[in-house]
Amino acid sequence: MFTNNILSIVTWLPALGAILILGLFRKEQNDLIKKFATGWLVLDFVASLWLLGYDRGIGGMQFLEDHQWIPAIGARYQMGADGVSVLLLVLTTFLGVLAALSSWKYIAKREKEYYILLLLLQAFVLGVFSSMDLFLFYLFFEVSLVPMYFLIGIWGGENRLYAAIKFFLYTLVGSVVMLLGILKMYFLTQDTALAAKVTQATLNLLAGNAKASAMVATTLQQAAQNGTGNFSILYMQAIGSALPMGTLQVLLFLAFALGFAIKVPMFPFHTWLPDAHVEAPTAGSVVLAGVLLKLGTYGFYRFNLPMFPKASADESYFFSGTNHQFGVRSVMIFLAIVSIIYGALAAMYFVVKKDGDVKKLVAYSSVSSMGIVMLGLFALNPNGINGAVMQMVSHGVYSGALFLLVGIIYERRHTRKVSEFGGLSHVMPGYAAVFLAMAMTAIGLPMLAVFISEFLAMRGAFEANPVWAGWAGLGIILNAGYMLWLYQRMFFGEIENEKNKLLPDLSVREWAYMLPLVIMSLWIGIYPGPFLRYIEKPVNAVVRQLRPNYPIPGQPASAPAPTRAERK
Amino acid sequence: MTFWGKYRGDDGKEARGDDHTRGKHEHHPHVPRESPKSMWVPLVVLAILATVGGFVGISTALTGGKEVGGKLNIVTWLSPVIWNPSTKAFGAETEVAPVAEPRRPVVLLNVLGPAGSGLPYGDTGFNLAHAVESKLGSETATEWVFIIISLIVAGIGIGLGLLFYVKDTRWADVWAARLAPLYRASFNKYWIDEFYGWAVTRRTMDLARGVFQFDSKIVDGGVNGSAWLTRLSSKITGGTDKYFVDGLVNAIANFVVRLMSPIVRAAQTGLTANYALVMVIGLLLAVAFYLVKIF
């Protein structure tokens with residue numbers, strides 16, 4: 001019972017907690033509510049640890065659940081997770097606990113509603129990562145906007161309504177375009193000519209193991225009985241890859257890409273992010289940066305790459321001259337590189353400027369970091385995609401930590417302006433040490449999490465095209481520049497502002513939610529092996545799907561790798 | 001280490017060339033202090049390493065051609081990553097059989113191999129040691145050449161130090177004055193920091209400002225602009241709806257009311273008898289209609 005439904009349990013447990021809070025507690029029982037909510041999220045985290053039992057030797061989709069849901073349209077309640085989902089699910093439950101713990105003091109009004117929404121947000125995001133049915137996926141993807149909208153709109157800063165509406169509308173625009181793509185994909189599943197082209201080998205590759213293949217077969221059988229199409233993500237991946245390269249494939253790619261690119265966010269769709277982050281309460285920022293942004297990159301990993309492999313690898317669709325050519329992948333790579341450098345420069349503005357906002361700096365640095373993820377994904381090789389997935393996890397750790405740290409200082413000073421601080425290391429040595437560890441993680445210092453992911457992503461990018469890696473390297477230098485400047489301005493020198501002289505150092509509760517993040521950063525930085533083993537097989541399968549001839553280490557390739565000259 | 005030079009600490013007297021009369025002073029001079037632990041401990045570690053560090057690579061010229069130390073020898077250690085142009089492979093010549101092939105002309109800094117060669121580095125790259133070795137024709141002689149060159153350079157440095165700081169301490173000032181521009185340049189580290197500050201740091205900051213302006217004005221401006229456009233079009237639609245579409249509906253309604261109201265008002269007499277009469281007429285008409293229908 002427990003093992004067969006673990007994904008449902010992990011997903012719905014927070015929602016159950018929300019209902020319990022709604023029913024069990026009165027409005028005034030604030031203390032009890034926050035302890036209950038935090039404890040409940042710990043329970044969910046512990047439950048999610050069960051997912052680490054993912055069989056890395058088998059790979060593919062595991063922890064499968066399959067139930068009839070809406071037979072009229074062929075939508076099913078299908079849950080499943082591959083190694084990538086497992087890491088992101090555990091990251092989500094992990095950050096959820098820390099987010100709740102960080103809200104105890106920060107949130108001072110309507111606490112009951114706050115914790116209910118936080119729990120619901122967790123439930124919906126977890127649902128996104130564990131859906132194997134596109135209809136179910138879209139449902140979770142959309143509904144996760146609602147709690148976030150209220151978290152920003154009610155407990156946010158001064159300009160919260162503007163930020164909340166912008167966040168909601170902007171992401172909605174993208175996902176509605178994606179909905180059109182989903183509908184087209186649904187009708188394609190009923191296209192018999194296309195279905196004839198789908199081979200069992202492709203399906204097995206995408207499913208990864210026999211059980212998942214069997215689930216797809218059941219889905220198809222049931223859909224055929226009811227005379228409907230289906231929303232099976234695995235089957236849609238197979239259908240999409242059977243689609244010939246052309247306008248339809250490119251349009252579908254772009255429809256999905258727009259929805260996810262706004263969520264990531266990639267330049268030029270990123271401007272909702274700084275506003276949402278600055279206005280959101282600390283826990284909102286943590287979940288937003290740590291988890292919600294990954295919905296976008298996860299979408300690219302789960303849908304765009306395996307579903308539209310031809311468009312993903314295309315470099316000549318839009319323009320194909322004798323010396324230059326330009327295709328879908330070129331656009332993605334270009335936007336990724338622009339995001340990396342542009343995000344870093346925009347972040348730097350907030351240390352260059354006199355009264356820059358630290359939170360905005362961290363927000364823009366997220367744009368830069370997520371650019372690395374996109375670059376790694378579209379390097380289309382195992383190293384690049386491994387790096388991208390690891391970067392999702394490391395970014396979740398370090399950006400979450402930085403937002404928590406900004407929240408800690410904001411609780412004490414009620415300002416986030418860099419110019420208000422200086423010399424903090426004298427009064428808050430513990431805080432300074434944790435901040436240093438996290439700033440160094442963000443820079444990508446060896447032995448810390450981001451180093452591993454950036455190294456892998458850049459190695460992948462270099463393999464694809466050294467110039468791309470060069471541009472990414474420039475962005476990383478800029479990242480180091482503003483992070484070091486920020487640290488210098490906030491922590492070094494003498495204390496000049498009287499208000500900073502008596503600031504208390506980290507409390508026990510604050511240590512309790514900062515230390516796990518520092519440990520995670522070190523763990524990933526020193527020994528990323530266990531994490532990489534979770535994603536190895538799924539990532540290799542995606543690469544195999546994208547480039548059937550790519551020589552993956554340990555697997556026979558049917559043809560030699562294209563050399564640099566050939567690719568041009 | 002011993003420092004023989006002139007005491008440069010600011011004791012308030014030295015600068016004016018007075019005799020050393022420290023101790024009689026009333027104000028406290030800057031007495032040199034021991035550095036904090038955080039400074040001297042790393043220095044001690046570095047000093048120890050510097051003293052023994054040379055042993056990681058004892059020249060083969062001194063050992064009769066043998067590389068002593070095995071894996072600890074830096075040459076053996078680095079061998080797998082050093083590109084050997086003569087064998088066109090990574091590693092020392094001893095590991096791969098040397099390829100007899102005439103050397104090509106020396107080209108400076110050919111980083112990537114010639115197109116199509118498939119080699120990471122060209123076989124034409126300049127390698128000083130190999131160039132000297134091919135001239136002298138002996139590995140031992142090559143080693144000696146470099147040993148002697150470095151000893152001479154070190155000797156010159158030590159000699160100059162002795163001259164300036166031991167033999168006659170005035171020499172430093174004299175030469176600083178004679179080579180004033182060079183001295184100033186050297187004193188200011190050739191203004192490299194200033195150059196970087198101006199050319200790299202300042203320009204990057206400008207770029208950051210520019211990017212943010214672009215972001216908030218153009219990119220976000222576009223987003224807010226589209227929101228504004230949506231609101232504008234909704235206003236236009238709303239206005240059209242209110243004044244045109246709904247206006248038309250109201251106008252028709254008004255027209256109908258105006259047209260019909262005299263008739264309808266005339267009927268609204270308020271007398272029950274009138275209503276009853278109308279009812280009876282209606283009833284009769286209905287019955288008549290029914291009868292007509294039947295026949």
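Up top is the structure.
Residues numbered from 1 in each chain as written. Chains lettered and ligands numbered in written order. Predicted model: local features only at pLDDT ≥ 70, side-chain atom pairs only at ≥ 80, totals over all residues.

## Remarks on the overall build of chain B
Reasoning step 1: Counting its regular elements, chain B contains 9 helices and 2 strands.
Reasoning step 2: Ordering the α and β elements of chain B from the N terminus gives α-α-α-β-β-α-α-α-α-α-α.
Reasoning step 3: Counting all 295 residues of chain B, 2% fall into the buried class.
Reasoning step 4: Put simply, 24% of the contacts in chain B that link residues at least 6 apart link residues at least 24 apart. (Helix = DSSP H or I, 4+ residues; strand = E, 2+ residues; numbered from the N terminus. Buried ≥ 20, exposed ≤ 12 C-beta atoms within 10 Å, placed from the backbone. Contact = placed C-beta atoms within 7 Å.)

## A look at the overall build of chain A
Reasoning step 1: What chain A contains, in helices and strands, is 25 helices and 4 strands.
Reasoning step 2: By the compact-globule yardstick of 24 Å for 568 residues, chain A fits well, its C-alpha radius of gyration being 23 Å.
Reasoning step 3: Considering chain A as a whole, with its 568 residues, one finds that 59% of them fall into the buried category.
Reasoning step 4: Put simply, 79% of the contacts in chain A that link residues at least 6 apart link residues at least 24 apart. (Rg over C-alpha atoms; globule rule 2.2 N^0.38 Å.)

## Some remarks on the packing of helix H21 (residues 449–464) of chain A against helix H22 (residues 466–491) of chain A
Residues and elements named next belong to chain A.
Reasoning step 1: Axis separation between H21 and H22 bottoms out at 6 Å; the angle between their running directions is 150 degrees. Judged by residue contacts, Glu454, Met458, Ala461, Phe462 and Ala464 of H21 engage Pro466, Trp468, Ala469, Ala472, Gly473 and Ile476 from H22.
Reasoning step 2: Taken together, the residues of the contact of H21 with H22 break down into 9 nonpolar, 1 polar and 1 charged. (Axes fitted to C-alpha atoms, helices over the stretch in contact; angles between N-to-C directions. Nonpolar A, V, L, I, M, F, W, Y, C, P; charged D, E, K, R; others polar.)

## Comments concerning the interface of chain A and chain B
Reasoning step 1: At the interface, 9 residues of chain A touch 11 residues of chain B.
Reasoning step 2: Considering every element that reaches the side of chain A that touches chain B, the biggest residue donor is helix H16 (residues 328–352) of chain A, with 6 residues.
Reasoning step 3: In terms of residue class, the side of chain A that touches chain B is built from 7 nonpolar, 2 polar and no charged.

## Remarks on unusual backbone geometry
Reasoning step 1: Cis geometry is found at the peptide bond from A:Val264 to A:Pro265, where omega equals -10 degrees.
Reasoning step 2: Residue position: A:Pro265 is located in the loop between helix H12 (247–263) and helix H13 (272–279).
Reasoning step 3: Residues A:Phe267 and A:Pro268 are joined by a peptide bond in cis, for which omega reads 0 degrees.
Reasoning step 4: Relative to the helices and strands, A:Pro268 resides in the loop between H12 and H13.
Reasoning step 5: A positive phi angle, close to 55 degrees, is found at B:Trp191, a residue other than glycine.
Reasoning step 6: Structurally, B:Trp191 is set in the loop between helix H7 (180–187) and helix H8 (192–267).

## What to know about the nonpolar core
Residue and element names in this part refer to chain A.
Reasoning step 1: Ranked by internal contacts, the top residues of the largest apolar core, which has 221 residues, are Leu87, Leu375 and Ala472.
Reasoning step 2: Ranked by residue count, the leading element in this core is H16, at 18 residues.
Reasoning step 3: Setting aside its immediate chain neighbours within four residues, Leu87 contacts Val389, Val393, Phe531, Tyr534 and Ile535. (Core = buried A, V, L, I, M, F, W, Y, C linked by C-beta atoms within 7 Å.)

## Brief notes about the pairing of strand E2 (residues 75–81) of chain A
All names here are of chain A.
Reasoning step 1: Of all 7 residues in E2, 6 are buried; the element is thus mostly enclosed.
Reasoning step 2: Examined bridge by bridge, strand E1 (residues 62–70) and E2 share 6 bridges and lie antiparallel to one another. By the bridge assignment for E2, His67 is matched with Tyr77.
Reasoning step 3: Taken together, E1 and the strand that follows it, E2, pair antiparallel across an intervening segment of 4 residues, in which Gly74 is found at a positive phi of about 80 degrees. (Pairing = 2+ DSSP bridges.)

## Description of the packing of helix H4 (residues 111–130) of chain A against helix H14 (residues 282–307) of chain A
Residue and element names in this part refer to chain A.
Reasoning step 1: Two elements in contact, H4 and H14, have axes whose closest approach is 11 Å; the angle formed by their N-to-C orientations is 15 degrees. Our classification of the angle between H4 and H14 gives roughly parallel. Along this stretch, H4 crosses H14, giving a crossing that reads as left-handed. In contact with Leu118, Leu121, Val125, Val128 and Phe129 of H4, H14 contributes Ala283, Val287, Val291, Leu292, Leu295 and Tyr298. (Parallel < 35°, antiparallel > 145°, perpendicular 65-115°, else oblique. Left-handed = near helix turned anticlockwise from the far one by under 90°.)

## Here's the deal with the environment of A:Ala210
Reasoning step 1: Relative to the helices and strands, A:Ala210 is located in helix H10 (residues 210–226).
Reasoning step 2: Sequence-wise, A:Ala210 and A:Pro382 are 172 residues apart; in three dimensions their C-alpha atoms are separated by 23 Å.

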